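Each chain, written out:
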Amino acid sequence: MKRHDRPITAAFVATAALLLTACGGSDGASTSKDNNKVAEADTAGETPASSAASASASAVSADRPKIELPSDLTYAFEWPKTGDTDKDAVLSDSKQFIKAVDMAIAVQEPLNEAYLFYSEGEAAAGSEKFIQWFVDNKSRITGAKRYFDAKVNVNGDGTAGLVYCEDQSKAYDKSLTTGKTDVTAASKDSYVLYSSRLRVDEHGIWITETLTSQRGSSVCQP
């Protein structure tokens, strides 16, 4: 059974679904109206972020884990610089979280310290389950991933919301046993809408607390 057909995918959508399921997952039946509600809910109500600004200023000196990825896995983050210190920090730390999960998959470590550095709660638990699937199946991710249409809002209480799209059409499973790549055809389900909630810690790191996904979202279709 191909990984993108696995029944466990629905559980990730409900909790903290991450990254890759190249052409499968949900049935993509959600309407554009519902998808837009998700995006609006997480980008509305922006308030001044003075309390977050001071914390983000110290993030540069934080002892961050090193993230090393396979050379055959590449990323395109089409997320523009906003010019706002806190918003740009949210985007940057979210990128690191995404890459850290892929690194945990590549090294086959469901409790790798890198992704745990950038997540906690539901997001960390969902990531562990996602990584564990690859470990159980002795596979990892290869190919190219593209992230686009990011919308971020930072609140004055040190929390933030982020909504973004992922293009998985050129990302695939690679068997660690045989070295074979399972190349699958692109479809509407190759495009996924993500919504995350974050908080800034005492070191200025933006920690992802919750992450949900909507596969086949009309918001993310090309």
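Since we're looking at a predicted model, the values are computed, not measured.

## What to know about the overall build of the protein chain
And then number 1: When helices and strands are tallied, the protein chain shows six helices and six strands.
And then number 2: The order of helices and strands in the protein chain, counted from the N terminus, is α-α-α-β-α-α-α-β-β-β-β-β.
And then number 3: When the 222 residues of the protein chain are sorted by exposure, 50% land in the buried category.
And then number 4: When contacts within the protein chain are restricted to residue pairs at least 6 apart in sequence, those whose partners lie at least 24 apart make up 72%.
And then number 5: Surface exposure of the protein chain reaches about 9900 Å², of which carbon and sulfur atoms provide 52%.

## Quick notes on the pattern of salt bridges
And then number 1: By the definition in use, this model includes nine salt bridges.
And then number 2: The closest approach of N and O atoms between R64 and D93, which form a salt bridge, is 2.9 Å. Here R64 is found in the loop between α3 (50-57) and β1 (73-78), whereas its partner D93 is found in helix α4 (residues 85-106), with 29 residues between them in sequence.
And then number 3: What makes D93 buried here is its relative accessible area of 3%.
And then number 4: Residues joined in a network through salt bridges with shared partners are D72, R140 and K174.

## Let's talk about helix α6 (residues 121-136)
And then number 1: Spanning 16 residues, α6 covers 23 Å between terminal C-alpha atoms, matching the ideal 22 Å at 1.5 Å per step.
And then number 2: Looking only at α6, the buried set comprises A123, A124, G126, S127, F130, I131, W133, F134 and V135.
And then number 3: Just downstream of α6 lies K138, where phi reads positive at about 50°.

## A closer look at unusual backbone geometry
And then number 1: Here Q108, not a glycine, exhibits a phi torsion of approximately 60°, which is positive.
And then number 2: On the secondary structure map, Q108 appears in the loop between α4 and α5 (113-117).
And then number 3: We classify Q108 as partly exposed; its relative accessible area is 21%.
And then number 4: Its identity as a non-glycine residue notwithstanding, D149 has a phi of 50°, on the positive side.
And then number 5: Relative to the elements of secondary structure, D149 occurs in strand β2 (residues 139-154).

## Overview of the state of the cysteines
And then number 1: For the coordinates displayed, the defined rule picks out one disulfide.
And then number 2: The side chain of C165 participates in a disulfide bridge whose partner is C220; the two sulfur atoms lie 2.0 Å from each other. For the disulfide bridge between C165 and C220, the dihedral angle about the S-S bond is near -75°, and by the sign convention the bridge is left-handed. Taken together, the residues span a long stretch of sequence, with C165 in strand β3 (residues 159-175) and C220 in the segment after β6 (206-215) at a distance of 55 residues.

## What about the pairing of β1?
And then number 1: Of the two faces of β1, the one holding L73, Y75 and F77 is buried and the one holding T74, A76 and E78 is not buried anywhere.
And then number 2: As paired strands, β1 and β2 are joined by six bridges and run parallel to one another. Opposite A76, over in β2, you have R146 as the bridge partner.

## Here we look at the nonpolar core
And then number 1: In terms of nonpolar packing, the biggest core is built from 39 residues, with Y164 and W206 touching the most fellow members.
And then number 2: Sorting the residues of this core by element identifies β1, α4, α5, α6, β2, β3, β5 (191-200) and β6 as the ones contributing at least two each.
And then number 3: The element that contributes the greatest number of residues to this core is α4, accounting for 10 residues.
And then number 4: Counting residues in each nonpolar core, the second largest holds six residues, with F148, V163, C165 and C220 among its members.

## Here we look at the confidence of the model for the protein chain
And then number 1: The share of residues in the protein chain with pLDDT of 70 or more is 72%, and the mean pLDDT across the chain is 81.
And then number 2: Taken together, the stretch residues 1-51 has pLDDT below 50 and engages in 129 contacts with residues farther than four places along the chain or on a different chain.
And then number 3: Below a pLDDT of 50 lies the segment residues 54-58, which in the model reaches 12 contacts outside its immediate sequence neighbourhood of four places, other chains included.

Thresholds applied
Residues numbered from 1 in each chain as written. Predicted model: local features only at pLDDT ≥ 70, side-chain atom pairs only at ≥ 80, totals over all residues. Heavy atoms only, no water. Helix = DSSP H or I, 4+ residues; strand = E, 2+ residues; numbered from the N terminus. Buried < 20%, exposed > 50% of the residue type's maximum accessible area, 1.4 Å probe, protein only. Contact = heavy atoms within 4.5 Å. Areas by Shrake-Rupley, 256 points an atom, 1.4 Å probe, with all protein chains shown as cover. Salt bridge = Lys/Arg side-chain N within 4 Å of Asp/Glu carboxyl O. Expected span 1.5 Å × (residues − 1). Disulfide = S-S within 2.5 Å. Pairing = 2+ DSSP bridges. Core = buried A, V, L, I, M, F, W, Y, C linked by side-chain atoms within 4.5 Å. pLDDT = per-residue confidence, 0-100.

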